[in-house]
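# Structure assessment
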Amino acid sequence: DKQIGIYNPNTYQIIKTYTSSFVPTKMEYSDNNYFLIASDGSGLEVWNLERDIVRTTIRLDSPVNDFQFCNNSSQLIVMLKNGKMNVYDTKTFKLLQTIDDLGSAIACYPNNDGKYVSVLNNDRRISIINLLDPTERHIIGCTVGGVTDLRMVTSNINNQTFLIYNDASNINYHPILGD
């Protein structure tokens, strides 16, 4: 089904419906609730929720593994199966940069200010990449393996950023220093 339903969380009633050009397999909202992005694995469809229109469609030369908005919604990060990460400006949806050599580029998650992004290279390796200087990369090895997802979260108490990820038997948190 190509329908995207927006539900009222209190009544479980559909309040708005969008018709996609494909059957979505993954969706994300921007933090400002301005954009909804849907993917079928081969490209992205960006909806402007204020105007109820498709803002743009992005077709890619490699399958999409993951995508996330930076927390201020100014950039969209897209992970591709060919090991590349595309970063788009959300005002124009023009490609700002492509970062290569990311292994399988399974998943990504930006930190609170959007300066760094965590990348799951494979089930045993995570990279923390500085988006302002992509040559600055910090590698976290996961000896147990089995990592499938990750998040960067900031403590409300001291503003410390942590990388949280699973492995085959645990949920792990790793403090990110110098953030």
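The following refers to the structure shown. (Residues numbered from 1 in each chain as written. Predicted model: local features only at pLDDT ≥ 70, side-chain atom pairs only at ≥ 80, totals over all residues. Heavy atoms only, no water.)

What follows concerns the overall build of the protein. A tally of helices and strands in the protein yields zero helices and 17 strands. A globule of 179 residues ought to have a C-alpha radius of gyration of about 16 Å, and the protein, at 17 Å, matches this closely. The principal-axis extents of the C-alpha atoms in the protein amount to approximately 45 × 40 × 30 Å. The buried share of the protein, taken over its 179 residues, is 44%. Of the contacts formed within the protein by residues at least 6 apart in sequence, a portion of 30% connects residues at least 24 apart. Per element, the accessible surface of the protein, about 9500 Å² overall, is 47% carbon and sulfur. (Helix = DSSP H or I, 4+ residues; strand = E, 2+ residues; numbered from the N terminus. Rg over C-alpha atoms; globule rule 2.2 N^0.38 Å. Buried < 20%, exposed > 50% of the residue type's maximum accessible area, 1.4 Å probe, protein only. Contact = heavy atoms within 4.5 Å. Areas by Shrake-Rupley, 256 points an atom, 1.4 Å probe, with all protein chains shown as cover.)

Before going further, it helps to examine the pairing of strand 1 (residues 3-7). Only one face of strand 1 is buried: it carries Ile4 and Ile6, and the other face, with Gln3, Gly5 and Tyr7, is open. The pairing of strand 1 with strand 2 (residues 14-19) spans five bridges and is antiparallel. When the sheet's bridge partners are listed, Gly5 is paired in strand 2 with Thr17. Turn length for the strand 1-strand 2 hairpin, with the two strands adjacent in sequence and antiparallel, is six residues, and the turn residue Tyr12 shows positive phi of about 60°. (Pairing = 2+ DSSP bridges.)

For the coordinates displayed, the defined rule picks out five aromatic pairs. Relative to Phe35, the ring of Tyr34 has its centre 4.7 Å away and its plane inclined at 85°; by these criteria the two rings are edge-to-face. By relative accessible area, which is 4% here, Phe35 ends up buried. Both rings, one in Phe35 and one in Phe69, keep their centres 6.4 Å apart while their planes meet at 10°; by these two values the pair is stacked. Separated by 34 residues along the polypeptide, Phe35 in strand 4 (residues 35-39) and Phe69 in strand 7 (residues 64-69) bring together distant segments of the chain. Accessibility assignment for this pair places Phe35 and Phe69 in one class, buried. An aromatic cluster of three or more residues is present, and its members are Tyr34, Phe35, Phe69 and Phe93. Against the face of Phe67 rests Lys26, its NZ or CZ located 5.2 Å from the ring centre. (Phe/Tyr/Trp six-rings, centres within 6.5 Å; stacked < 30°, edge-to-face > 60°. Lys NZ or Arg CZ within 6 Å of the ring centre and 35° of its normal.)

For Ala38, the location among the structural elements is in strand 4. Residues Ala38 and Ser20, spaced 18 residues apart in sequence, show a C-alpha to C-alpha distance of 8.2 Å. Excluding residues that lie within four positions of it along the chain, Ala38 makes contacts with Ile4, Phe22, Pro24, Lys26, Met27, Gly43, Leu44, Glu45 and Phe67.

Attention now goes to a nonpolar patch on the surface. Taken together, the side chains of Val153, Ile164, Ile171 and Tyr173 define a hydrophobic patch exposed on the protein surface, amounting to about 410 Å² of accessible area. On the secondary structure map, Tyr173 appears in strand 17 (residues 171-176). Accessibility expressed as a relative area gives 61% for Tyr173, which makes it exposed. (Patch = residues over 30% accessible without salt bridge, like charges linked within 9 Å, V, L, I, M, F, W, Y side chains within 5 Å. Salt bridge = Lys/Arg side-chain N within 4 Å of Asp/Glu carboxyl O.)

Phi angles above zero are rare outside glycine, and Asp52 is one such case at about 55°. Unlike most non-glycine residues, Asp101 shows phi in positive territory, near 65°. Tracing the chain through its elements places Asp101 in the loop between strand 10 (95-99) and strand 11 (107-110).

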